[in-house]
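Tertiary structure, described
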Amino acid sequence: MYLQLQTPPKLSFSLSHIINNNLISPHQNLHKRTNGSVTMSKQYLTTHTVDNAHTTDIFSIAATSTTLLSAGGSSTIHVHATNQPASPLVQSLSGAHKLGCHHIAVSRNGKIAASVGFNGDVKIWKVSESGSGEWESFGGLDAAKDPERGKNGAGELWGIALSEDGQYLASTTYDGRINVWDLFGDRSVRLREYETGTAGSGSFGLCVDLSRDGKYTASGHQNGSVYVFNNDTGRLQYSLPGLVKPVRAVAFSPAGTRLAAAGDSGIIAIYDTKHGAHVGNLTGHNAWITSLDWSDTGEYLLSGAFDGKAKVWSVERSACVATHSETDKALWAVRWIPKTVRNEMFCTAGANRSITFYREATGA
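One finds Ala 260, Ile 268, Ile 270, Leu 292 and Leu 301 to be the most contacted residues of the largest nonpolar core, which totals 16 residues. Elements supplying a minimum of two residues to this core: strand 20 (247-252), strand 21 (258-263), strand 22 (267-272), strand 23 (277-283) and strand 24 (289-294). If sequence neighbours within four positions are ignored, Leu 301 has contacts with Ala 260, Ile 268, Ile 270, Leu 282, Leu 292, Asp 293, Trp 294, Lys 311, Val 312, Trp 313, Val 315 and Trp 336. Among the nonpolar cores identified, the runner-up in size contains 15 residues, and Cys 207, Val 226, Leu 240 and Ala 269 belong to it.

Here is the structure:
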């Protein structure tokens, strides 16, 4: 089913009339579109902010059902408990990356995490089997042992993503290759290696994602290209059109039927993964889009941008339903908190070195 870019009917009465006559809840907003019409919006409340969570920019965050892992320009990865009031700091992985960390990812089951440092080191983490809930080292990637491409080793990696159970790690490289590794097997050998150009000359891979069923790997590149690979066949499935500027985020929907891609164009492109068709755009950001994340149900898409704005989108309606901005500094990462209670929650982090948490106001 293609996304229908719908235009809601214009209102013939005033906003005050709507509110005064209880036609909307005081907890709901109206979002104005560029054509002057309005669409019903959702409201999210700022629950709390962890100020100065890091001593530098926070470049990446990853959420489990109970914790939030955050990483940035400092050498330490922090772990906050999102199932406790004020999300207190419960663990610090000191010295994780000597020169700081630019990407961190966690498996859907919340048991495996991976992080990549600016000096090229790749660390794997797992939740302790002791029952403490703490994270501990699970080794790293030693790609230097790879007989095919040993000269550069793991230092080639940039963007990363983990499969639902944490067994597979997908990564991008500076020269456009996409690799898939088996973290539970021989980590020195790539299971898959996809080329996006002539050998060694592809466009910088800025981002990557794995579909939840593990069938597809998607990548976004500096030249605006978006690729989808079939992990079963080891072949390119689609080369997707629509974006001409650097793509900084790609994300599969929970069901794997849609792929969202965004970056310096300020547009979120939505693709149908079955046919590789470009089925719609979400427009409204006025700056580079740096991060994307789908809600658990796949109904909503969360985006963060370089101007500090976070937006929530109704994918079905192709409409922005909430905009938040706690800072005018860049947001480098936005994530939904996996839903364990009635209210939806998400968090943002970036250049202001803080982590802000939001909760849906209505509990719907």
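With that settled, the discussion passes to the pattern of salt bridges. Under the counting rule described, the total for this entry stands at 10 salt bridges. As a salt-bridge pair, Glu 156 and Arg 177 come within 2.6 Å of each other at their nearest N and O atoms. Residue Glu 156 is located in the loop between strand 11 (135-140) and strand 12 (157-162), and its partner Arg 177 is located in the loop between strand 13 (168-173) and strand 14 (178-182); the two are separated by 21 residues in the primary sequence. Each member of the pair, Glu 156 as well as Arg 177, is classed as buried. Sharing partners across several salt bridges, the network here consists of Glu 156, Asp 175, Arg 177, Arg 190 and Glu 193.

What follows concerns the sheet that holds strand 18 (residues 226-230). An order of 16-17-18-19 is seen for the 4 strands of this open sheet, with the pairing classed as antiparallel. Looking at which strands have only one partner, the edges of the open sheet turn out to be strand 16 (205-210) and strand 19 (235-240). Between one strand and the next, the sheet's axes are offset by a mean angle of 20°, whatever the strand orientation. Bridge count for strand 17 (residues 216-221) against strand 18 is 5 bridges, and the pairing is antiparallel.

With that settled, the discussion passes to the side chain of Asp 121. Assignment of secondary structure puts Asp 121 in the loop between strand 9 (112-117) and strand 10 (122-127). If sequence neighbours within four positions are ignored, Asp 121 has contacts with Ala 96, His 97, Ser 115 and Val 116.

What follows is about the packing of aromatic side chains. The relative placement of two aromatic rings is captured by the distance of their centres and the angle of their planes. Taken as a whole and assessed by the stated rule, the structure comprises 13 aromatic pairs. Aromatic pair Phe 138 and Phe 184: ring centres 6.5 Å apart, planes at 65°, arrangement edge-to-face. Here the residue Phe 138 occupies a position in strand 11, and Phe 184 occupies one in the loop between strand 14 and strand 15 (190-194), the gap between them amounting to 46 residues. A relative accessible area of 45% means that Phe 184 is categorised as partly exposed. Geometrically, the ring pair formed by Trp 336 and Phe 346 is edge-to-face, given 5.5 Å between the ring centres and 75° between the ring planes. Here Trp 336, found in strand 28 (residues 331-336), pairs with Phe 346, found in strand 29 (residues 345-350); they are 10 residues apart in sequence, far enough to count as distant. The exposure class of Phe 346 is buried, given its relative accessible area of 0%. Following the ring pairs from residue to residue traces out a cluster consisting of Phe 59, Phe 118, Trp 158, Phe 204, Trp 288, Phe 306 and Trp 332. When the ring centre of Phe 138 is taken as origin, the NZ or CZ atom of Arg 187, which lies over that ring, is 4.7 Å away.

Moving on, we come to a negative patch on the surface. Taken together, Glu 164, Asp 165, Asp 213 and Asp 232 make up a surface patch of like negative charges. Tracing the backbone through its elements, the reader meets Asp 165 in the loop between strand 12 and strand 13. For Asp 165, a relative accessible area of 35% corresponds to the partly exposed category.

Take the sheet that holds strand 13 next. Spatially, 4 strands are ordered 12-13-14-15 in an open sheet, and the strand pairing comes out antiparallel. Each edge of the open sheet carries a strand with a single partner, namely strand 12 and strand 15. When the angles between neighbouring strand axes are averaged without regard to direction, this sheet yields 20°. In the sheet, strand 14 pairs with strand 15 via 4 bridges, with the strands oriented antiparallel. Its bridge partner lying in strand 15, Val 180 is registered against Arg 192.

This next bit is on the pairing of strand 16. With 6 of 6 residues buried, strand 16 is to be regarded as a mostly interior element. In this structure, strand 16 lies alongside strand 17, joined through 5 bridges in antiparallel fashion. Bridging across to strand 17, Val 208 finds its partner in Ser 219. Taken together, strand 16 and the strand that follows it, strand 17, pair antiparallel across an intervening segment of 5 residues, in which Gly 214 is found at a positive phi of about 80°.

Right, let's talk about the confidence of the model for the protein chain for a bit. Detailed reading of the predicted coordinates is not advisable wherever pLDDT falls low. Summarising the model, the protein chain shows a mean pLDDT of 86, and 84% of its residues fall at 70 or more. In the predicted structure, residues 1-38 sits below a pLDDT of 50 and forms 64 contacts with residues beyond four places in sequence or in another chain.

Look at Ser 87: it is not a glycine, yet its phi comes out positive at around 45°. In this structure Ser 87 comes out as buried when scored by relative accessible area, which is 2%. Unlike most non-glycine residues, Ser 318 shows phi in positive territory, near 55°. Since its relative accessible area comes to 15%, Ser 318 is described here as buried.

Criteria and thresholds
- Residues numbered from 1 in each chain as written.
- Predicted model: local features only at pLDDT ≥ 70, side-chain atom pairs only at ≥ 80, totals over all residues.
- Heavy atoms only, no water.
- Core = buried A, V, L, I, M, F, W, Y, C linked by side-chain atoms within 4.5 Å.
- Buried < 20%, exposed > 50% of the residue type's maximum accessible area, 1.4 Å probe, protein only.
- Helix = DSSP H or I, 4+ residues; strand = E, 2+ residues; numbered from the N terminus.
- Contact = heavy atoms within 4.5 Å.
- Salt bridge = Lys/Arg side-chain N within 4 Å of Asp/Glu carboxyl O.
- Pairing = 2+ DSSP bridges.
- Axes fitted to C-alpha atoms, helices over the stretch in contact; angles between N-to-C directions.
- Phe/Tyr/Trp six-rings, centres within 6.5 Å; stacked < 30°, edge-to-face > 60°.
- Lys NZ or Arg CZ within 6 Å of the ring centre and 35° of its normal.
- Patch = residues over 30% accessible without salt bridge, like charges linked within 9 Å, V, L, I, M, F, W, Y side chains within 5 Å.
- Areas by Shrake-Rupley, 256 points an atom, 1.4 Å probe, with all protein chains shown as cover.
- Lys, Arg positive; Asp, Glu negative; His and termini not counted.
- Charge placed at Lys NZ, Arg CZ, Asp CG, Glu CD.
- pLDDT = per-residue confidence, 0-100.

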